[in-house]
Structure formats: C-alpha cells, structure tokens
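A look at the structure
Spelled out from the first residue to the last, the chains are:
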Amino acid sequence: MAVLSKIRNRSGLLLLAIGFALLAFVVQDVFTKGFKSVSTDVGSVNGKDISFDEFKIKVANTEKNSQNQGQNMTSMQASNQVWNQEVQVALLNAEFEKLGIRVGEKHIIEAFKSDPNIGQNQMFLNAAGKFDLNKFKDYFKQVPNGIQMLKDQEKNAELRAKYDIYNSLIKGGMYATQTEGKFKYEAESNKVSFDFVMVPFSSIKDSDVKVTDEEITTYMKTKEKKFKSEESRELDYVLISEKPSAADEAEIKKNVDALLLPNVRYNKETGKNDTIQGFRSVTDNADFVNANSDIPFDSSYVSKQDLPAEVAEQLFNLPTGEIYGPYMRNNYYCLSKGLGRKAGAKAKASHILISWEGTKVPNKKEKRTKEQAKAKADGLLAQAQANPGMFMMLAMSNSDDSSAQQGGDLGFFGPGQMVKPFNDFAFNNPIGKIGLVETEFGYHIIQVTDKQDAVKLATIAQKIEPSEATNDKIYTQATKFEMDAANKDFAALVKAAKLTASPAVRVKAIDENFGSMSNQRQIVKWAFEDDTKIGSVKRFEIVNVGHVIAKLKSMAPKGLMSVEEARPQVEPILKNKKKAAKIEAKMKGASLAAIAATNKVPVMNAVDLTVESPNVPGAGFEPKVVGKAFTSKASQVSKPIEGNSGVYVIATKVVTKAPAIQKYDDYTAKVKQQAVGNSGRFMQALKDDADIEDNRANFY
C-alpha cells in the first residue's frame, strides 16, 4: 500500500515523463523521415489532382479484367495503363472545356452505336437489328450496381463523343494552299546534277575525338524538352543464380538410372521389403510414370517435328517396349519408352470458308444468305476439283477465313482440334482429296494436303534442381558478397568471385523491371527509399532465380537526363561536329580535283536528285547537300558542307526546272493528306506542354 501511495503522489511527474518520452519519439521520427507530408493523390495534371482512392479501384478492375481475359497483368502494369488513361482524359477534358465543346443525348447514342461491344451486341439490338437504347438501359437495371455502371457507360460515351468532335476540328484545321502544292510539285520535279567530294566522318577514329561531360550537358540544355527526364537511380548489381551443382546433376541421373531395373523398398505398413518393378518390365506405364516423374503421363501421340530436335530421330524410331535414355531435355533427365506408332495421326489441310449472315465469322468478304453461300461453295468446289493446283489462289480470292492470306493453309492438327465435320473429313480421307463440309462457321471446301505418323511415349522426367546443401552454399556466398560490397569495390568483388558482370541499371521511380528481370518492383522501391544512399547495398532473394545484390551507384534528380543516360545519343553527334571541323580544315583547293587529291578520295557525281529524294550516291540521305546544290551557281566550288555522313564540297552542274502547270490540286491534296496524318500527334503535344506530377511510387 505504501508503494501505491507513493505512485499516486508522484503521478504528475510520471505523466510528465511519459509525455516527454512520446514527444522525443515523435521528434525523432520527424527528423528521421523529414517534414514531408504524404499526398493522398496519386498525381496531378496541370494542377488538377487525381485521387488515389478512385485510382486504385480502376487499377483493381483493370487487373481483374486482364485475368478474365487470360492476360494476368501485374499491379504495376495495370497502374501504367490506368495512369495513361487518366492523364489523357484530364488533358482532353481541359481542351474540351477551353473550346466549349458540349454534347447532347444524340451524340451519346451515336457513341454507343459506334462501340462494337455495345452497338453490335445482340442483347441491345431490336428486331430490325438496330441498336435499342431502352434495351441497353433495361439491362443495367437488372444487374447489381447497374445504375452506377450505366452512369459510367454514359460518361465514357460522352467523352468519346466530345473526342470525335475535337478530333474532327483538328483534322478540319489541317489544310494546304495552292502555294504549298506548287512547292510540293517543284520539290518532286525540279532536278539537280552536281559533282562532289565527300570525306566521311569514319575517316577519323572515334578514339581521336573526345567529348566531355560538360559538352554533353551544354548540348542537352539547347534541347531541354528532348532530354527531359524523371528522377532516376543507377545501380550496380550481380545475380548469384540458384542453379544445381555437378553433384546435384549426378544425383538426379543416378535416381533416373535406378528406375530402369527392379529395386527393393521397405514397406512401413507391412514391415517387409517389397520388390518394385523397373521401368523396363512394368506393364502399367501410366502409373509408373506418374509415381516417378515430375511431368505426368501424356497419352497423346506425338509427331516427329514436336519431339526434342536433338533426340527426335531416336524417339520417333523407338520400338514398342524399348527404352531410350537417360537424356537431357531442358532441365530434366528423361527416360522414354516406346508405346507404339499410329499412321496418319496428324493431318494437314487447306480450306476455303464461305460464310453467310449469322455465322460466327467476324470479317466476311461479302454479305450473303445461306443459299447464296451454298451456291458459291459448290462452284468453288467444282473449280478446285477440276484444277487442284489453283486451290491456293481460290482461297486467297474467296475465303472468309484469316488463313486466306496463306492460301487457306491451316498447317498440321491433331484429332479433335477442328470442329467435328471438318475433323472427320480430314482424317477419314486420303492426301489430295477435295470435298465440302458444313459447320457453324459456314461451308468449307477442304483439300487434305499431308498426313504425319506419330508415336506414343511413356516419359519419366525428373527436374535437375539445386539440393538443400547447394542452396545453403549459394545463400552463404550471397550474404558474404552483400557484406563485402558495403565497403569494397563492386566490380572487383564480381571479378574475384568469378561471377558474370552485369551492366549498371538505371531505373525510374515507377519502373517494375530491373535489368533483364521482369516484375522486380521490390528492388526499384528500395532504390528510392529515403534511407537508401549512394553506396547502400542490399540483397534480394528471387524465387526460382537466385540472389540479386544491388548497390546504389548514383542518383539523378528530375530535369535533364544524366550524362551517362544521354551519352549514347549525344556523343556521336558531338563527335561528328568535331570531326567535321578537322575535315573542313583539309578541304581547301581551287578545284574539286585538288581537294580530292589532298584528301585521297575520288570526285563523284550525282545526277537528277530532287528535294523530295535527296539520296546522294554512295552516301545516303543528305538533304542539306542537295539543298545547297540547288542554290549554288553552276561550276562554282562550294564551301565545306557538314552532312549526315561526312563533309562535302560540291560544284553544281545543272539545275533542271520542272515545266509550269496550270493547277497544283493533286500536289495540294498530297500536302493536306500528310498534314491530316500528323493530326494524330496532338496527344503527345499536349503531354509535352503539360505539368504532370506522378506520385504513384508512393503507393505501388
């Protein structure tokens, strides 16, 4: 009681002490993590925030849809898809608002009709085969969350309708004048011939020209938009693979070899030794394979071309009951027993498909009734039977199937792979037979072009995997490397350990892949953590792959690309400029012949080149050189011209002007067509001018 009394008397001091402790904990956390507030938005476009709560729902739905379609997107892949959509929608809505684009119910209905998933869906069509808006709305009233789904569909349709108007405005603004048409005509038709001397950039070794980091940075600053880059990290790394040792491989081979002959095993239930039949003498091959193989028994017949190439001959000719092996196939040791051969197990055929309205064929070449289809199929059958060599051409010209591009050739297929009437004709008729069958897709004129024998095999396959002892050894090596890399040279350690060196990897905050390895988000996230500094090292264990030891090499802020990242693109340009200066210093003389002699190159000539096709013989695409030839005086030696492939000196011989014509409509139309084609680049232009902030790295 006395102790409790003292505690009560000093409770104020105790609470004060606890308060100070909590304050110290909070202050420490603030100083450790900085005064950053975590945004609840996944990003923003021109100051307009994108809510993470709404974003994550869309990402989850995208993942789910991809799984339903068998694509199995990762969270980051789904995030990338949704992010691109959100950015585009935000930019487009801002444009719609700026231009005052509005749409009504008629526009939305037209947008529904133009969507094949809606406008051509049988559920939403009336008796006349037209889109019925009431049927469409009634459908959503009958399903869970249907009202919200309908609102989402209407919102999407409204966006599509506005986009169509916006796109039409852009295309409508793309025009061309008669003056532009005239220039196009002259660019295609005016011709120039000239003599020239060219000293290629390759005449100077790359090693003789140095480009500094400062020069690369200066060049990038002149084209900042082109070399704009997100924040990035550069990492050195090495992969220590989890692969089986020679001892592991020998052990698996020993196990597979032991299956050939009978062996004795102790039976715990009976307390006696049982003699187990070997693979050579066993009669129930399926049970034996399933009990001893990592790959289950396959009862299908296999053609020679589908067998492993390196052992196809031996396996295909394996007598019934005989065994081949053990042999290596990928990462497995295998034993195969012959179970028999089947003649004509696979068939090869070509076909001409003639469908009619109502069949399950999306891209029909023409509309026809079933009766019309039958009449056409009968006519094609008669032509094919009369002249089998014409089958390919008949298929290319008439078939509604995508195989028409291959002359109707479907390749080899096994029993049951085609619909039953087609399957029965192909397997029940000899090579060369041509006939007609009907399926739910239409009428097929079929030509049986080949057949293959196949064999059935019982194959035991045991995977060669690292043993527990091998994995322990690999783990020890990886952890030691991780500790050593913290204060030793990374490249030297890789060399000393006799590992395969990997080039440094540069990653951005939202990247998912790391080097050649896909879906390694954990490594990228670590590289951008606040506690990860230059020189930090961490080991990552990747299932069924091994251990990645990564060391942060450098950090690049948002802005210009790093010099290392830009060098492959910029260095050749700057080197050529320096080479050009050296070459120009030697390209002096009163004539082309003198300049050519000084530089030990020939005088060459170009005949009838145009502005539209400025391909200089022996040099390639050189618009600057050809342009200079058109504007130079005849027979006058030009000053050095820096081209794409080298430095030129030219002497124009003759410029042939195209005859004047009354109208340039055809050429104006060409210019307009090109301009309309460029209209599709508006989205990238909007992105380039936008202020886009991407915070997804905080959430994924």
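Up top is the structure these notes are about.
Residues numbered from 1 in each chain as written. Predicted model: local features only at pLDDT ≥ 70, side-chain atom pairs only at ≥ 80, totals over all residues. Heavy atoms only, no water.

Comments concerning a positive patch on the surface
We count it as follows: Any residue with relative accessible area above 30% and no salt bridge may belong to a patch, with like charges joined within 9 Å and the nonpolar Val, Leu, Ile, Met, Phe, Trp and Tyr side chains within 5 Å. Shrake-Rupley sampling with a 1.4 Å probe provides the accessible areas, and residues are treated as covered by the protein chains on show and by no other component. Any carboxyl oxygen of Asp or Glu that lies within 4 Å of a side-chain nitrogen of Lys or Arg is treated as forming a salt bridge with it. None of His or the chain ends enter the tally, which takes Lys and Arg as positive and Asp and Glu as negative. Each charge is placed at NZ for Lys, CZ for Arg, CG for Asp and CD for Glu. Put simply, DSSP H or I for four residues or longer makes a helix, DSSP E for two residues or longer makes a strand, and each gets a number counted from the N terminus. The cut-offs for exposure are 20% and 50% of the maximum accessible area for each residue type, with area from a 1.4 Å probe on protein chains only; residues under the lower value are buried, those over the upper are exposed, and the others partly exposed.
A contiguous patch of positive charge on the surface is contributed by Lys223, Lys226, Lys577 and Lys624. By the secondary structure assignment, Lys577 is in helix H20 (residues 563-586). In this structure Lys577 comes out as partly exposed when scored by relative accessible area, which is 43%.

A short note on unusual backbone geometry
In the segment running from Gly325 into Pro326, the intervening peptide bond is cis, with an omega of 5°. Structurally, Pro326 is set in strand E9 (residues 323-329). One non-glycine residue with positive phi stands out, namely Asn330, at about 55°. Examined against the element boundaries, Asn330 turns out to sit in the loop between E9 and strand E10 (332-354).

Some details on the packing of aromatic side chains
What characterises a pair of aromatic rings is the spacing of the ring centres plus the angle enclosed by the ring planes. Stated formally: Here is the rule: rings of Phe, Tyr and Trp (six-membered ring for Trp) pair when centre to centre is within 6.5 Å. Planes less than 30 degrees apart are stacked, more than 60 are edge-to-face, and the remainder are tilted.
Following the criterion strictly, the structure yields 25 aromatic pairs and no others. Ring geometry for Phe124 and Phe136: centres 5.0 Å apart, planes at 90°, overall edge-to-face. Of the two residues, Phe124 sits in the loop between helix H6 (116-119) and helix H7 (133-141) while Phe136 sits in helix H7, which places them twelve residues apart along the sequence. The pair formed by Phe124 and Phe136 is uniform in burial state, with each residue classed as buried. Centre to centre, the rings of Tyr163 and Phe682 are 6.1 Å apart; their planes meet at 40°, and the pair counts as tilted. You can see Tyr163 sitting in helix H8 (residues 146-172) and its partner Phe682 sitting in helix H24 (residues 682-689), a full 519 residues away along the chain. We classify Tyr163 as partly exposed; its relative accessible area is 30%. We classify Phe682 as buried; its relative accessible area is 12%. Ring pairing ties together the aromatic residues Phe52, Phe55, Trp83, Phe699 and Tyr700, which thus form one cluster.

Observations regarding the pairing of E9
We apply this condition: Between any two strands, pairing holds if DSSP finds at least two bridges.
Taken together, the five bridges between E9 and E10 define a ladder with antiparallel strand orientation. The residue bridging Ile323 from the neighbouring strand is Lys337, located in E10. Between the end of E9 and the start of E10, which pair antiparallel, lie two residues, with Asn330 showing a positive phi angle near 55°.

Focus on the layout of surface pockets
Definition in use: The way it works is a 1 Å grid over only the protein atoms, where trapped points that fit a 1.4 Å probe form a cavity and open points with protein on both sides within 12 Å along at least five of seven lines form a pocket, and then any residue with an atom within 4 Å of a point lines it. Grid points are joined across faces, edges and corners, and a volume is the space filled by probe spheres set on the points. Amino acid classes used here: Ala, Val, Leu, Ile, Met, Phe, Trp, Tyr, Cys and Pro are nonpolar; Asp, Glu, Lys and Arg are charged; the rest, including Gly, are polar.
Here the largest pocket defines a volume of roughly 2000 Å³. Here the lining of the largest pocket is built from residues that sort into 17 nonpolar, 17 polar and 13 charged.

Topic: the sheet that holds strand E21 (residues 641-642)
With antiparallel pairing, the four strands of this open sheet are ordered in space as E18-E3-E22-E21. One side of each edge strand has no neighbouring strand; the edge strands of this open sheet are strand E18 (604-609) and E21. Bridging between E21 and strand E22 (residues 646-656) involves two bridges; their strand directions are antiparallel. Across the sheet, residue Glu642 finds its bridge partner in E22, namely Val647.

Brief notes about a nonpolar patch on the surface
On the surface, a nonpolar cluster with roughly 380 Å² of combined accessible area is contributed by Met390, Met392, Met393 and Met396. Structurally, Met392 can be placed in helix H15 (residues 391-398).

Re the packing of helix H10 (residues 213-221) against H20
Formally: Every angle, taken between N-to-C directions, lies between 0 and 180 degrees, and every axis is a line fitted to C-alpha atoms, over only the stretch in contact when it is a helix. An angle below 35 degrees is read as roughly parallel, one above 145 as roughly antiparallel, one from 65 to 115 as roughly perpendicular, and any other as oblique. Throughout, a residue-residue contact means that at least one pair of heavy atoms, one from each residue, lies within 4.5 Å.
Axis separation between H10 and H20 bottoms out at 9 Å; the angle between their running directions is 95°. What the angle tells us is that H10 and H20 run roughly perpendicular. Counted together, Asp213, Glu215, Ile216, Thr217, Tyr219 and Met220 of H10 and Val563, Ala566, Arg567, Val570, Ile573, Leu574 and Lys578 of H20 form the full contact between these two elements. Per-class residue counts for the contact of H10 with H20 are eight nonpolar, one polar and four charged.

A word on the packing of helix H4 (residues 75-99) against H8
A packed helix pair is summarised by two numbers, namely the angle formed by the two axes and the spacing between the axes. Worth spelling out the cut-off: When the near helix sits turned anticlockwise from the far one by under a right angle, the crossing is termed left-handed; a clockwise turn instead gives a right-handed crossing.
H8 packs onto H4 with a crossing angle of 65° between their chain directions and a minimal axis gap of 11 Å. Here H4 runs over H8; the crossing is left-handed. Residue-level inspection shows Val89, Leu92, Asn93, Glu95, Phe96 and Leu99 of H4 in contact with H8, the latter providing Leu159, Lys162, Tyr163 and Tyr166. Per-class residue counts for the contact of H4 with H8 are seven nonpolar, one polar and two charged.

So yeah, pure geometry; function would need other evidence.
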